[in-house]
Structure formats: structure tokens, C-alpha cells
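Below are the chains, spelled out letter by letter.
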Amino acid sequence: MTRRVAVLPGDGIGPEVMTAAAAELGPGIEQVHLDISADRYLSTGELLTDADLQIIAGCDALLFGAIGDPRVPDGVLERGVLLRLRKELDLYVNLRAFPDMGIVFVRENTEGPYSGVGTRSGDVATETSVNTAEAIGRCARYAFEMASQRSGLVTLVHKANVLVHAGSLWRETTERVAEAYPEMRLKYEHADAAAYHLVTDPSRFDIVLTDNLFGDLLSDLAAGLSGGLGRAASANLHPQRSTRPTRCAGLFEPVHGSAPDIAGTGKADPRAAIQAARMLMDTLEKERVAT
Ligand code: IPM
Ligand code: MN
């Protein structure tokens, strides 16, 4: 069966780096190019349409460039396109590997402080972190399954000494999952200490399991420590795709943003996007072998 990959270049340096990345997909893949961008939003008012979603859900995977544009207020494109895709396709694991450091982040990708729940009333704002045992548990299982292929160590990172509600749910749920993996080890670190240790003693980590926001921050830190954002790629996955209606195995993207300041200058490093395309091909290849 011909495999089909949706390619979404997006904004800023997205289109430049995607040209190099899409070439990596090879001749055996049918590419479906999507114009979902700030330009389209500014001319039609559309973010991610139902028709776009349907096309993506019918592809085997999505290769994503970058979105974000100074002409559009912060959050409109990020929430309306990238976060919506993660949520609608239920891509619950955000995997970011840093081979030079020997560290992989398993970031919960659908909830936490990214829930979008909150209010702004004049000078008072709330931003609610939503956490469920279901979402934590499936990420934790993914991390422990991966640990059995690696050193066996999973470090849960949270801030359970301050964020006591979410923190205790994360700890209890992860400990419960760990019981099913008696050969593996589970450690816990607070997020501030983990940031310090990523810089001073990264060898203490192997798999870092963490929530959406800590994972966002700490994976940029790790990128800065290992070759820069021009190199880091991520896979947004729904690992059990055979059990669900959509065909799409995941969204693969460079960790960097749209960098509008250097767009069109030729300075953008395409290696992260190329790496994302390689992760996409690896994922499809593993599935092909497994089925
Ligand atoms: C990332 C990005 C996104 C995030 C933004 C663009 C919404 O920073 O993929 O890490 O915060 O998850
Ligand atoms: Mn980020």
C-alpha cells in the first residue's frame, strides 16, 4: 500500500527547512502539501479547518515545519494549529531524544498547563493545569516500555513540593504503573533540580517523564546543551494507532519555531527538520515490519 505523508511547511523558516526535510521522505511516499499558515489565516481567517484535519487523519503521518508569525497575536496560530492537532489526533506522547546526552524526554502532550482552561478578568488571570490519571498513566507506560529497551531508568520530573495536587497525582499514577515493571527503576526529581542537573550532571538521567510545560522548557534546555535548536527534533505520537479510527501515526517536527527574524536569509539550519523526517520514516518502517 502506498504510504501518504502530509507536509505542512507553515510560517517563517518552516517552508525553507521543509524543502530539505520533504526530500528525505524518498520516492515511495506520496506527499500531500497543506497550506496552513499565517498567510492563509490573514487572508481567509482559517486556522485548522475540518477539511485539513480530515486530510491529515487520512495520511500515515504529518511532517510539520513551524508556525508563528509576528503579524498574528501570540497563541492564535500555536493554539489553533499545533496544539489543536496534538489534541484532535490524541498525540499523547511528545518524544524528544538527545543522543549526545543519552537522554530522551517523554513529555505528556495533551493536557497540564496547556489545557487552555483559565480566565482573564482585568488584572486577574488564572491558568488551570488539568491532569488525569489516564493521560499520565499512558505516558508512564510508554516511558517504562521504552526503559526496557534502554538502561531501565525512568526519572519523573515535576514540582510536587509546590504543585501539590497535580504533583501527587503524577507521583501516585507513575508509581502504580512502575509496579508492572519490576525490572525498571523509577526516580523522582523536582523540575528546578532537574534543570540544574541537566546542566551539571546529565548522566544521572536516561528517560525523563514529565508534564507538558516542564517538558517544553527542559527539552529546550537540553537542546541548548547538545548542539542547539537547529538539531533537535520531536515526534508527537499516538503509539497504539492500530486501535483507533485515524490513520495518522504522528506529527513530526523540528523543536525550533518559525524564527521570522532569519526567514529568507539562508541562515536556517535544516538539520532538525531533516531529523524529524527521519524519525517519521523510522516510525513508519517499524510499523511496517511489525504488521
Ligand atoms: C514546542 C513549541 C510549542 C509548545 C508551541 C509552539 C506551542 O514550543 O513544540 O515545544 O509549547 O509545545
Ligand atoms: Mn517548545
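Since the model is a prediction, treat every value here as computed from it, not as a measurement.

Here the focus is the pairing of strand β3 (residues 61-66). Across the six residues of β3, six count as buried, placing the element largely inside the fold. Sheet topology note: the strand β1 (residues 3-10)/β3 ladder contains five bridges and is parallel. Pairing of G10 across the sheet is with A66, part of β3. Looking at chain direction, β3 and strand β12 (residues 250-254) are connected through two bridges and run parallel. Note that in β12 the partner of L63 across the bridge is F252.

Now for the nonpolar core. Counting 43 residues, the largest nonpolar core has L63, L95, V106, L209 and F252 as the members making the most contacts within it. Per-element tally for this core: the top contributor is helix α5 (residues 133-147), with eight residues. In this structure, F252 is in contact with A61, L62, L63, F64, S234, A235, L237, A276, M279, L280 and T283, ignoring residues within four places of it in sequence. Counting residues in each nonpolar core, the second largest holds 23 residues, with A6, I36, L82 and L251 among its members.

Moving on, we get to the side chain of R86. Tracing the backbone through its elements, the reader meets R86 in helix α4 (residues 76-88). Looking at R86, the relative accessible area reads 4%, which means it is buried. There is a polar contact of 2.8 Å between the side chain of R86 and the side chain of N236. In this view, R86 contacts L91, N94, R96, R107, N109, T110, N236 and E253; residues no more than four positions away in its chain are not counted.

Reading the values: rules and limits
Residues numbered from 1 in each chain as written. Chains lettered and ligands numbered in written order. Predicted model: local features only at pLDDT ≥ 70, side-chain atom pairs only at ≥ 80, totals over all residues. Heavy atoms only, no water. Buried < 20%, exposed > 50% of the residue type's maximum accessible area, 1.4 Å probe, protein only. Helix = DSSP H or I, 4+ residues; strand = E, 2+ residues; numbered from the N terminus. Pairing = 2+ DSSP bridges. Core = buried A, V, L, I, M, F, W, Y, C linked by side-chain atoms within 4.5 Å. Contact = heavy atoms within 4.5 Å. Polar contact = N/O pair within 3.5 Å; in protein donor to acceptor, adjacent residues only side chain to side chain.

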